[in-house]
Amino acid sequence: LASRALALRRSAGAFDAIRGHLTTGEDHGYEEMVSSLSYLAARGTDEERKALATILKPHFTQTNRMLESLFLSTVAADLRELRPDIERIATGSAEDVEGDKINRSGGRVTPVAERYHLARKILAVWDEPDAFTRAKLIVAFAFALEPWQLEGAPERADRVRSNLEDTLSRMSGPQRAELRVFVADAAKTRTETVGSDPSPASRLRELVRSAVGAEP
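What this report covers is the structure whose coordinates are included nearby. Values in this document were obtained by computation on a predicted structure and should not be read as measured data. (Residues numbered from 1 in each chain as written. Predicted model: local features only at pLDDT ≥ 70, side-chain atom pairs only at ≥ 80, totals over all residues. Heavy atoms only, no water.)

Describing the overall build of the protein chain
This is how it is decided: Numbered from the N terminus, helices here are DSSP runs of H or I no shorter than four residues, and strands are runs of E no shorter than two. This radius of gyration counts C-alpha atoms alone. The globule rule is 2.2 Å times how many residues there are, raised to the power 0.38. Here's how the labels work: a residue is buried when its accessible area is under 20% of the maximum for its type, exposed when over 50%, partly exposed in between, all with a 1.4 Å probe on protein chains only. Residues are treated as being in contact if the distance between any of their heavy atoms lies within 4.5 Å. Exposure was quantified through the Shrake-Rupley algorithm and a 1.4 Å probe, taking into account, for residues, occlusion by the shown protein chains and nothing else.
If you tally the helices and strands in the protein chain, you get 12 helices and two strands. Listing the helices and strands of the protein chain from first to last along the sequence gives α-α-α-α-β-α-α-β-α-α-α-α-α-α. For 216 residues, the compact-globule estimate of 2.2 N^0.38 gives 17 Å, and the protein chain sits close to it at 17 Å. In terms of overall dimensions, the protein chain has C-alpha extents of about 55 × 40 × 35 Å along its principal axes. Expressed as a percentage of its 216 residues, the buried residues of the protein chain come to 45%. A sequence separation of at least 24 residues applies to 73% of the contacts in the protein chain between residues at least 6 apart. Accessible surface computed for the protein chain: about 10,700 Å², of which carbon and sulfur atoms make up 53%.

Let's talk about the pattern of salt bridges
Rule in force here: For salt bridges, the criterion is a side-chain nitrogen of Lys or Arg within 4 Å of an Asp or Glu carboxyl oxygen.
All chains considered together, the criterion is met by 11 salt bridges. As a salt-bridge pair, E155 and R4 come within 2.9 Å of each other at their nearest N and O atoms. Of the two residues, E155 is situated in helix 10 (residues 154-168) and R4 in helix 1 (residues 2-9); the sequence distance between them amounts to 151 residues. When its relative accessible area of 1% is taken as the criterion, E155 is described as buried. Exposure remark for R4: the relative accessible area of 8% places this residue in the buried category. Connected through shared salt-bridge partners, R43, D158 and R161 make up one network.

Here's the deal with unusual backbone geometry
Phi angles above zero are rare outside glycine, and R10 is one such case at about 55 degrees. Assignment of secondary structure puts R10 in the loop between helix 1 and helix 2 (14-23). Taking relative accessible area as the criterion, R10 reaches 47% and is therefore assigned partly exposed. For D78, which is not glycine, the phi torsion reads 55 degrees and is therefore positive. Within the secondary structure, D78 is located in the loop between helix 5 (67-76) and helix 6 (83-88).

Brief notes about helix 12 (residues 200-212)
Under the convention used in this document: For a helix, the expected span equals 1.5 Å multiplied by the residue count minus one.
Taking 1.5 Å per residue, 13 residues should reach 18 Å; helix 12 reaches 19 Å between its end C-alpha atoms and fits that length. Along helix 12, the residues classified as buried are P200, A201, S202, L204, R205, V208, R209 and V212. In the segment just after helix 12, G213 is the residue with positive phi, at about 80 degrees.

Considerations on the side chain of H117
So the rule is basically this: By the criterion applied in these results, polar contacts are pairs of N or O atoms within 3.5 Å in which, for protein atoms, one can donate a hydrogen and the other can accept it, and in which residues neighboring in sequence qualify only through two side-chain atoms.
Along the chain, H117 falls in helix 7 (residues 117-127). Residue classification places H117 among the buried residues on the basis of a relative accessible area of 16%. Polar contacts involving the side chain of H117 include one to the main-chain carbonyl oxygen of D96, which spans 3.1 Å. Setting aside residues no more than four positions away along its own chain, H117 makes contact with T91, S93, A94, D96 and E98.

Brief notes about the nonpolar core
Where we set the bar: Only buried Ala, Val, Leu, Ile, Met, Phe, Trp, Tyr and Cys residues count toward a nonpolar core, and they belong to the same one when joined by side-chain atoms within 4.5 Å.
L52, F60, F71, L179 and V208 are the most contacted members of the largest nonpolar core, which totals 60 residues. Of the residues forming this core, the biggest block, eight residues, is contributed by helix 8 (residues 131-144).

Describing the packing of aromatic side chains
The cut-off we apply is this: Ring pairs are drawn from Phe, Tyr and Trp, using the six-membered ring of Trp, whenever the two centres fall within 6.5 Å, and their geometry is named by plane angle: stacked under 30 degrees, edge-to-face over 60, tilted for the rest. Placement of a positive charge over a ring is assigned whenever Lys NZ or Arg CZ falls within 6 Å of the ring centre and within 35 degrees of the normal to the ring plane.
Counted under the stated rule, the structure contains two aromatic pairs. Ring plane angle 10 degrees and centroid distance 5.4 Å describe the contact between F60 and F71, whose orientation is recorded as stacked. Highlighted residues: F60 in the loop between helix 4 (46-56) and strand 1 (62-63) and F71 in helix 5, separated in sequence by 11 residues. A single burial state applies to F60 and to F71, both of which are buried. Among the aromatic side chains, those forming a connected cluster through ring pairs are F60, F71 and Y116. Positioned above the aromatic ring of Y39, the side-chain terminus of R43 is 3.8 Å from the ring centre.

Written out as structure tokens, the structure is:
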């Protein structure tokens, strides 16, 4: 957790210090360090964003890291320049078989030859031109996130919130009213399925409901 503590302090040189640990080939906590870099890049300079994109890009071709975490770090820092890399390994539909690198880390570096649902969901949000449809995709994406995907990574919830707020600003009053119903129904379904708890995932769902003005 050292990299996260350093990132949260946002002290001068934090990005370079964490990046330095990555380049030493240190194995332990790699995904956490990349997540910490995404926290800093989302709030930092264009140079830091570009540096993080350079770190992430090769992993979408060959890796021994957990792609789930790397995908979410890409979203958190809004690295849309990596869209072609993500598109290449995105599933075509929910029925497609997903690769096992999504939640596996360690071992030899091997080619990323399979496809992944999370990549498809990221592209759906990025590419949707209609504000109302995009808002629903953002809500669905947020409500599908699990506690372990958000724990200790506030930049991920922050990106959901900023994407949703930007999209809401381009929606009409009637569309916002319809979205509130959609969010309330989605929240009810999620609670009935997995229950309610004080986890980061539950807090994110509350944040989404608050942003759209849905009833608790």
